[in-house]
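Listed below, chain by chain, are the residues.
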Amino acid sequence: MFTQQLVNGITEGSLFALIAISFSLVWGLLKLVNFAMGEIYMFGAYAGWIVVSYITPNLFLALLAGFAVGWGLGWIVEKVAFKALRGVPHIASLVCTIGFSFLFKEIAAAIFGAQTKAMPSFYSSTALVVAGANVSWLQIFMVALAAAMMLLLQLLFYGTKIGLGVRAVALDYRTAGLMGIKVDRVTSIAFSLSGALAAFVGVLAAIYYNAINPYMGFVPGIKGFTAAVFGGITSIPGAILGGYLLGIIENMSVQFVSSGYKDFVSYLLLIVFLLFRPNGILGKKAKL
Amino acid sequence: MQNRMIALLSAVLVLVGGASLWAAGGTDNTIHIALTAPLTGDYAEYGVNFQRSVQMGIDEINAQGGVLGKKYVLSVGDSRGDPKESVSLAQKWTSDPSIVAEIGDFTSSCCLASQPIYDAAGMVQLSPTASATTFTPGSVWSFSIVGTQAYEQPFMADLAFNKLKIKRMAILFINNDWGMDTQKFFKENFEKIGGKIVAVESFFQGEKDFNAVLTKLKESKPDALYMATMYNDGALISLQRQKMGWDIPVLGPSSLYSTELTKLGGSSVNGLYTNVSFFAKDTDPRVQAYVTGFQKRFGATPNFHAALAYDAIYILTEAIRRAGSTDKQAIRDALAGIKGFQGLTGTITFTPNRDAIKGYKAVQVVNGDFKLLK
Amino acid sequence: MALLEVDGLVVHYGKINALKGVSIRLEQGDLVTLIGANGAGKTTLLNTLSGVVKATRGTVRFGGEDVVNKRPEEVVARGISHVPEGRKIFSELSVEENLQVGAYTIKDKARVRELVERSFELFPRLAERRKQEGGTLSGGEQQMLAIARGLMSDPKILFLDEPSLGIAPLMVDKIFDFIVQINKMGKTILLVEQNANLALQVARYGYILETGKITHEAPCSELRTDDAIRRAYLGVS
């Protein structure tokens, strides 16, 4: 059963890690938290659901649709909560993203109805049995896709000009501006990317859990934020580490402590790290 | 001088009296009642069904001339399934002198939280669905018509142990007032008649990943799984259980009875056992009139909870009719005295604790459809 | 025609009038210094010229074109490069990446590679540390990197804001040697300094800025011998 929980934990951890990267990206650039991240994830799930239920049962198209919708929503949140509110205290932007979180939920409830909708399964057959643990094709697919996504991001940040621009703006946006980097544009792109990533995860999660509703984003939003704080919100490797560790710890705590403590363990970690090690496991030294 | 004083006093009295009459909704020939329900949030579907059923009942009653010759006016408040919101709505309703009674809320947690407000103000709090055993004994103003877990769970325990011959049961419940109660009464009754509970696990509202907890429950090698959950969580749990390749009989309380369960759960909920007090395919003409009326107006099939809300407005109307006035105390006393009320969800008789004893029928999901168990 | 011609520049920070009508000119290939006390408005002037701060009034003509209140990336693309006060190295980027950021407005990748190699020829110390994080360099090395980064956009004019600030004295001389060398390569330089002694020695022409206004301007050889300036800025009583 240990192996099975490890498999469960790694799968769930992949989702947490990707959401944590979204939080890290925004934190790195603006030193702010986008509390509407969970709702962008939710809209991604709906976009994927529309594709597979009404257009074509193609998983990749669904993921692409989620990515695109998340990109657009990230762009809107950045323009309203951050760009338009530049120069006013940070708390205004934070409150504004909380507002977006409620707004998105209610818009989704108004459009799609508040009831849970079914999402079809993909690749749900068992691929292999390792030490008594069932591993489904979907789990393999999710972990591989998350890894591919992280690799792509790594290439983007360390192998492209825009990636260099994002890192420079994250470190010192004033000087980056002096160097001729269009700070607003780079920020907008990175913010949109963070939304796209969250929404992409939303599609994956909808397929994994086979259900979507307007309120599905709250828990993963908090968990993704926890994972980011846990691993070190200033760093993408930290966010990845935090995501996987959180997934594994949660599943193990169900097995060895009690299922009632699953969320408790996460929130305890969040509080402990915020209080005693706000830079996370990888700490300040790590870079974006 | 004295005459003028008396005239002045009379004028004041008339004004004050008139104002209080107006405030009580007496002069405009209407009866104001309030509905508290989770119209948004996790329980929105139940709340929306509450609103639909109550509005449908009110429209029917008003079309037939109302009650005591007065028409109903409904105020609706959205509690979002949040006890804090339910409390602030209770404060709003009880501070409005025109409102004479309240229907709601949906969850036991919300009802329990707002109970002290209705108790202090002296207003009927009639919940269609609150089934926590601690709710109605808490205040003489609290009523519930769903039938508490204290009555439903012995039925389910008997079904599992005696009819289905299940000896070892694992329980998965949602960690809230309702879920705690449900699992507790099931466990007590199942063990009393000789069954063995091999594992009990829980989850919090909003959880979507049940892989870990199912893996752990599977380890206890039960004969069957008892899901003390709402239908949407129940469907999710079933889907993830099916994907894990864990094939096992599943049972659960009447909260699982919904067409949404089969729609969401697909083949994973086939074979699931639950019970109903209200069955949409019932041949009773009153049930059919309600179901077709509901379908025509809202394009959806009403479930058990929707039917309970419909019964709630009718039983409240019956109480107002018997009371012969809109006095809050008179309505409460009349409601408490109701016996043998023929509702869509069965015959309702209030116990001294103001909850209801219902009759239960076992059902099973067969090919995506609920069938009465013989 | 002058390369850079600033005329009657006025800048406000809210209600504070930081520049009150500043006019300066730099010819092609010139090395001009701007001297002033802390808070006189030197950095404000540079920030306005590079588009970070908006001017209320006045004109800035660069190569005959009006560039006042253009955005920083447009200003950089036209050939103005600003090496900020305090070096402002991207501490967690490598030396090479810092240089690449300096060439952000150049689209041709081969050209960027060429410019990186030219920087390493000019500053061999940086070549040895090309993979090292900027934050691990010494103050003097960081200043070299900052100047090298400023040259990466291949500018026509280079603004240097307090290049001697917080640098070990030995290193300061070295950096000023580089400044002269870069000027000889044909780059026009506007040097802002508190260390007036040093600035007046290397520059050809100087402006004195006091509380937002130019109070003196003359060839450096004259300023060095002006009694009032000697007392105020060169520490001679």
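Just so it is clear, the model here is predicted, and its values are computed rather than measured.

*Asks:* Got a minute to help me understand the overall build of chain A in this structure?
*Replies:* Within chain A, the secondary structure is distributed over 11 helices and four strands. Relative to the globule expectation of 19 Å for 288 residues, the C-alpha radius of gyration of chain A, 18 Å, shows essentially globular dimensions. C-alpha extents for chain A along the principal axes are approximately 60 × 45 × 35 Å. Taken across its 288 residues, chain A has 60% of its residues classed as buried. Restricting to contacts in chain A with at least 6 residues of sequence separation, those with at least 24 account for 76%. As displayed, chain A has an accessible area near 10600 Å², and 74% of this comes from carbon and sulfur atoms. Within chain A, the 8 negative side-chain charges are centred at a point lying 11 Å from the centre of the 17 positive side-chain charges.

*Asks:* In this structure, what is going on with empty space enclosed by the protein? I would like to understand it.
*Replies:* Leftover empty space is mapped by rolling, across the atoms, a probe with the size of a water molecule. Residues and elements named next belong to chain B. One pass over the full model with this rule turns up seven cavities of 30 Å³ or more. What the largest cavity holds in volume is close to 200 Å³. Surrounding the largest cavity, 18 residues form its lining, Phe106, Thr129, Trp178, Met230 and His305 being those nearest its centre. Among the secondary structure elements, those contributing two or more residues to the lining of the largest cavity are helix H4 (108–121), helix H5 (149–163) and helix H11 (304–323). In terms of residue class, the lining of the largest cavity is built from seven nonpolar, 10 polar and one charged.

*Asks:* Help me understand the pairing of strand E7 (residues 157–161) of chain C in this model?
*Replies:* Looking along a regular strand, one sees the side chains alternate between the two faces of the sheet. Residues and elements named next belong to chain C. The element E7 is largely enclosed, with a buried count of five among its five residues. Every second residue of E7 is oriented toward a common face, with Ile157, Phe159 and Asp161 on one face and Leu158 and Leu160 on the other, all of them buried. Relative to E7, strand E6 (residues 80–83) runs parallel, the two sharing four bridges. Bridging from a neighbouring strand, Ile80 pairs with Ile157 of E7. Taken together, the five bridges between E7 and strand E8 (residues 188–193) define a ladder with parallel strand orientation. Across the sheet, Leu160 pairs through a bridge with Leu191, a residue of E8. On the question of chirality, the crossover connecting E7 to the parallel E8 by way of helix H7 (residues 169–184) is right-handed.

*Asks:* So what exactly am I meant to see when it comes to the domain arrangement of chain C here?
*Replies:* Often, the extent of an interface is quoted as the loss of accessible area on bringing the components together. All names here are of chain C. When the domains of chain C are assigned, the result is domain 1 (1–79 + 156–237) and domain 2 (80–154). Computed over C-alpha atoms only, the centres of domain 1 and domain 2 are separated by 22 Å. Facing 31 residues of domain 1, the contacting portion of domain 2 comprises 21 residues. Carbon and sulfur atoms supply 69% of the area buried between domain 1 and domain 2, which totals about 2200 Å² over both sides. Linking domain 1 to domain 2 there are one salt bridge. Note that Asp154 and Lys187 form a salt bridge whose closest N and O atoms lie 2.9 Å from each other. Scanning the region where domain 1 abuts domain 2 turns up nine residue pairs in polar contact (both at pLDDT 80 or more). At six residues, the largest contribution of residues to the side of domain 1 that touches domain 2 is made by H7. Of the residues contributing to the side of domain 1 that touches domain 2, the split by class is 18 nonpolar, six polar and seven charged.

*Asks:* Could you clarify how one ought to interpret the side chain of Thr44(C) in this entry?
*Replies:* Tracing the backbone shows Thr44(C) in helix H1 (residues 42–49). Leave out the neighbours within four places in its chain, and Thr44(C) touches Val11(C), Tyr13(C), Ala18(C) and Leu19(C).

*Asks:* How should I be thinking about the pattern of salt bridges in this particular structure?
*Replies:* It is possible for side chains of opposite charge to pair when their charged atoms get near one another. One pass over the structure, following the stated rule, counts 36 salt bridges over all chains. Note that Lys262(A) and Glu207(B) form a salt bridge whose closest N and O atoms lie 3.5 Å from each other. Here Glu207(B) lies in the loop between strand E7 (196–203) and helix H7 (211–219) and Lys262(A) lies in helix H11 (residues 262–276), a pairing that spans two chains. Owing to a relative accessible area of 5%, Lys262(A) belongs among the buried residues under this scheme. One salt bridge in this structure joins Arg80(B) and Glu85(B), with 3.4 Å as the shortest N-O distance. Its relative accessible area of 40% is what places Arg80(B) among the partly exposed residues. Assessed through its relative accessible area of 24%, Glu85(B) is described here as partly exposed. The network of salt bridges with common partners includes Arg111(C), Glu114(C), Arg118(C), Asp154(C) and Lys187(C).

Reading the values: rules and limits
- Residues numbered from 1 in each chain as written.
- Chains lettered and ligands numbered in written order.
- Predicted model: local features only at pLDDT ≥ 70, side-chain atom pairs only at ≥ 80, totals over all residues.
- Heavy atoms only, no water.
- Helix = DSSP H or I, 4+ residues; strand = E, 2+ residues; numbered from the N terminus.
- Rg over C-alpha atoms; globule rule 2.2 N^0.38 Å.
- Buried < 20%, exposed > 50% of the residue type's maximum accessible area, 1.4 Å probe, protein only.
- Contact = heavy atoms within 4.5 Å.
- Areas by Shrake-Rupley, 256 points an atom, 1.4 Å probe, with all protein chains shown as cover.
- Lys, Arg positive; Asp, Glu negative; His and termini not counted.
- Charge placed at Lys NZ, Arg CZ, Asp CG, Glu CD.
- 1 Å grid on protein atoms, 1.4 Å probe; cavity = no way out; pocket = protein on both sides within 12 Å on 5 of 7 lines; lining within 4 Å.
- Points joined across faces, edges and corners; volume = space filled by probe spheres on them.
- Nonpolar A, V, L, I, M, F, W, Y, C, P; charged D, E, K, R; others polar.
- Pairing = 2+ DSSP bridges.
- Right-handed = clockwise from strand over helix to strand, strands pointing away.
- Domains from an automatic or database assignment.
- Buried area = accessible area lost by both parts, 1.4 Å probe.
- Salt bridge = Lys/Arg side-chain N within 4 Å of Asp/Glu carboxyl O.
- Polar contact = N/O pair within 3.5 Å; in protein donor to acceptor, adjacent residues only side chain to side chain.

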